[in-house]
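Examination of the molecular architecture
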Amino acid sequence: MRIYDIKNIRNIAVLGQTGAGKSNFIESLEYTVGLVDKISNPNDIFKMTNTTMLNTMEYQNIKYNFLDIPGYSDFVGEVKSGLAAAAGAIIVVDATTDVSIGTELAFEAVDEKKLPKIIFINKIDSEKADFDKIIRELKQKFGKRIAPFHIPWGTGKDFKGHINVVDLYARIYDGKSCNDAPMPKDIYYTEIRDMLLEAVAETSEELMDKYFAGEEFTTEQMHEGLRKGVLDGTLVPVICGSSYKNIGLHTTFNMIREYMPSPIDNVSVKSHVKDFSAQIFKTVIDPFLGVLSYAKVVSGEIKSDTEVYNINKKETEKIGKIYTWVHDNLVELPKAIVGDIVVFTKLLYTKNSDTLSTNPNMEPIPAIEFPKEQMLIAIVPEKKADEEKISNALHKLRDEDSSFYWRRDQETGQTVLGVQGEIHANRIIEKLLKRYGVKVIVTELKVPYRETIKGTSDVQGKYKKQSGGHGQYGDVKIRFSHTKEHFEFSEEIVGGAVPKSYIPAVEKGLIEAMKEGVLAGYPVTGIKAVLYDGSYHEVDSSEMAFKVAASLAFKKGMQEANPVLLEPIMQLSITIPEDYVGDIMGDISKRRGKVLGMESLYNGKQTLKAVAPMAETFKYINDLKSMTQGKGKFEMVFLNYEEVPQEIAVKIIEKKRANQ
């Protein structure tokens, strides 16, 4: 593949609801440029994309880097990485259904990145297609930005092309290519064209004056005004077609070429900087190809076998060969230039979001903001021998997927996965088995409860043992009370009742005893212990004896000081459309939580600040999506520990004791 000038590169994300025909749309684009010889029937097989894929195509002297981004909300990490590399987006919409939540989420994600977008209404060839209804719904949801540039010429089995409302000509499909045709007389387009003319007028004072004077815009003025509106986000062109019948795909290429930005229009691309720099936006670990690092080149250029500096890791890497993906094949490139998207292989230290540069003093490119975990699950390997294997596999999966988190919980002893939802979790488990041969079982997630005391106690712990020869003797008197610190220890020994050399053993014995409380064996916190008296034996006393004596005193002291169970409390930030605020607030109360406040956002949404017990949040994302029709999201962080209500504590303690 040859190297293209920066003006002739287009980096386009392709998004859409699951089932809209997004993958079929990509395949139809490949068919248009001659990369495949047929288009699959989307009704024959359902294909759900779960990873962002690069598809590079050459058409009419333009290089198109299409990023096929998953449509399901569980793969939001892929959306973040794909949009970090894109300069514009196409959102594929299904003409046979209502505008879906998936379309809304795609629109919001692209808006958040301030990227220009085009909407492609697909499946116009279906008898169920309703173009006018989709336009109405799009306008209701996204406002006057929605601007149909084309309207369909026929529907269902009579769909044969479209009417270009901008330039007033028709295009008809002859079975292989799209060709210009005279305007049909039976199609009404005046209202839509008037709306486009008004949008053009708003792009400059000169055109506004011309519009009000009743003067016609030239074709050049129309196109310049519309492109300005598309690039600044005030216009979202709508085009239509059928990916299966390859109608509208030639026009899609033309629309991208004319209205979508080249890298030179992108402020994040520094075409004037000579030093090479690039950001890794995606990593794939392939069993045959090794580590593939997908990079957006932000400045300069680089050839194969060149050393670069990882700005984030402060390590030197060597760029081996440089590739792109064409259909299913890795195609080698002679070099990577500014504005392009390329693939590097076998980088040793580089991860997602890292900046590579030939200048070690260059500032890192701002990191991609990946979503925090939405749901927690616990797993165990089916075979105990796979314990070590699973850790290595999870590390590699984390390198690939920056929206996936995992940790070994030291308190519960469980391997905990942080994912974006059920489908994301299933995908991780599937990869563990297929790629790394590790079969895991999902188990009940344990809450890291703790125990403390609310009262005070004054107890004696005495350990005495005689079994021939030297015996064991340790005797301590300790006052226990609650403290905000994890553990406080002091001594008030007078007259050597406990020798100084044994006092550290008393403290150590208490610390070890705090690993298991008296209620249900959970770790203990918030303990203040004052050693004030005791006794010892000249021969039989030892450090071990005083450790045991301290442990006995601790258990007795806890029991007499009103022990209680503590649970972790999480701080939640829940973002939802304002229509659902009442339902969500009610649900938080049912989860023993509290809403602390509310903040209005620019897009008609609200962010609720709340707190709730960790036990009530493990799969909260499932219920949140259900209550908000998939429009809700949340983040949570640990806040503190609070006492468990008595009636709930009793059940937790009984269950723990039954399992011991």
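Here, residues in each chain are numbered from 1, in the same order as that chain's written sequence. Totals for whole chains, interfaces and linings use all residues, but because this is a predicted model, local features are given only for residues with pLDDT of at least 70 and pairs of side-chain atoms are given and counted only at 80 or more. Each side-chain value is worked out from all heavy atoms of the structure, with water and hydrogens disregarded.

**What about the sheet that holds strand S4 (residues 88–94)?**
Using the following cut-off: The pairing criterion for strands is at least two bridges between them, as found by DSSP. Working definition: helices are DSSP H or I runs of at least four residues, strands are E runs of at least two. Numbering for both runs from the N terminus. The angle between two axes is taken between their N-to-C directions and runs from 0 to 180 degrees, where each axis is a line fitted to C-alpha atoms and a helix contributes only its stretch in contact. We call two residues contacting when some pair of their heavy atoms lies within 4.5 Å.
Read across the sheet, 7 strands follow the order S2-S3-S1-S4-S5-S11-S6 without closing on themselves; strand pairing throughout is mixed. Edge positions in the sheet fall to strand S2 (53–59) and strand S6 (146–148), since each has one partner strand and no second. Each neighbouring strand pair of the sheet contributes to a mean axis angle of 30°, computed without reference to strand direction. Sheet topology places S6 next to strand S11 (residues 236–240); 3 bridges connect them, and they run parallel. Each residue of the ladder has a partner; that of Pro148, found in S11, is Val238. Relative to S4, helix H3 (residues 101–112) is tilted by about 170°, and along the sheet it contacts strand S1 (9–16), S4, strand S5 (117–122), S6 and S11.

**Points about the environment of Thr96**
What counts, and what does not: Burial classes follow relative accessibility: with a 1.4 Å probe on protein chains only, a residue under 20% of its type's maximum area counts as buried, one over 50% as exposed, and anything between as partly exposed. Whenever a nitrogen or oxygen atom comes within 3.5 Å of another N or O atom, the pair is scored as a polar contact, on the condition that within protein one atom can donate a hydrogen and the other can accept it, and that pairs from neighbouring residues in sequence are kept only if both atoms are in side chains.
Turning to its location among the elements, Thr96 is positioned in the loop between S4 and H3. A relative accessible area of 23% places Thr96 in the partly exposed class. Along the primary structure Thr96 and Val36 are separated by 60 residues, whereas in three dimensions their C-alpha atoms are 27 Å apart. A polar contact is formed between the side chain of Thr96 and the side chain of Asp94, at a distance of 2.7 Å.

**Structural notes on the pairing of strand S16 (residues 315–319)**
Where strand S15 (residues 306–310) meets S16, 5 bridges bridge the pair, whose relative direction is antiparallel. Among the inter-strand pairings, Glu307 is bridged to a residue of S16, identified as Lys318. The turn joining S15 and S16, which pair antiparallel and follow one another in sequence, is formed by 4 residues; a positive phi near 55° is taken by Lys314.

**Some words on helix H1 (residues 22–32)**
The element H1 is largely enclosed, with a buried count of 10 among its 11 residues. Gly34, located one to two residues past H1, shows a positive phi value of around 90°.

**Focus: the domain arrangement of the chain**
The test is simple: Per the annotation, domain bounds derive from an automatic or database assignment of domains. By buried area we mean the combined loss of accessible area, with a 1.4 Å probe, across both parts when two parts are placed together. Just to be clear on terms, a salt bridge is a Lys or Arg side-chain nitrogen sitting within 4 Å of an Asp or Glu carboxyl oxygen. Three categories are distinguished: nonpolar for Ala, Val, Leu, Ile, Met, Phe, Trp, Tyr, Cys and Pro, charged for Asp, Glu, Lys and Arg, and polar for the others, with Gly belonging to the last.
Segmenting the chain into domains produces domain 1 (6–265), domain 2 (277–357), domain 3 (375–443), domain 4 (450–561) and domain 5 (566–658). Summarising the inter-unit geometry, the C-alpha centres of domain 1 and domain 2 are found 30 Å apart. Taken together, the contacts link 19 residues of domain 1 with 15 residues of domain 2. Considering only the side of domain 1, the residues that lose the most area to domain 2 are Leu54, Thr56 and Ala85, jointly responsible for 31% of the buried surface there. Where domain 1 touches domain 2, the interface holds 2 salt bridges. Counting the contacts that link domain 1 with domain 2 gives 9 residue pairs in polar contact (both at pLDDT 80 or more). Secondary-structure elements contributing two or more residues to the side of domain 1 that touches domain 2 are S1, S2, strand S3 (62–68) and helix H2 (76–85). With 4 residues, H2 is the largest single contributor of residues to the side of domain 1 that touches domain 2. Tallied by class, residues from the side of domain 1 that touches domain 2 come to 9 nonpolar, 7 polar and 3 charged.

**Quick notes on the environment of Lys515**
In this structure, Lys515 sits in the loop between helix H11 (503–513) and strand S30 (527–535). The exposure class of Lys515 is exposed, given its relative accessible area of 59%. Considering only alpha carbons, one finds Lys515 and Gly632, 117 residues apart in sequence, at a separation of 39 Å.

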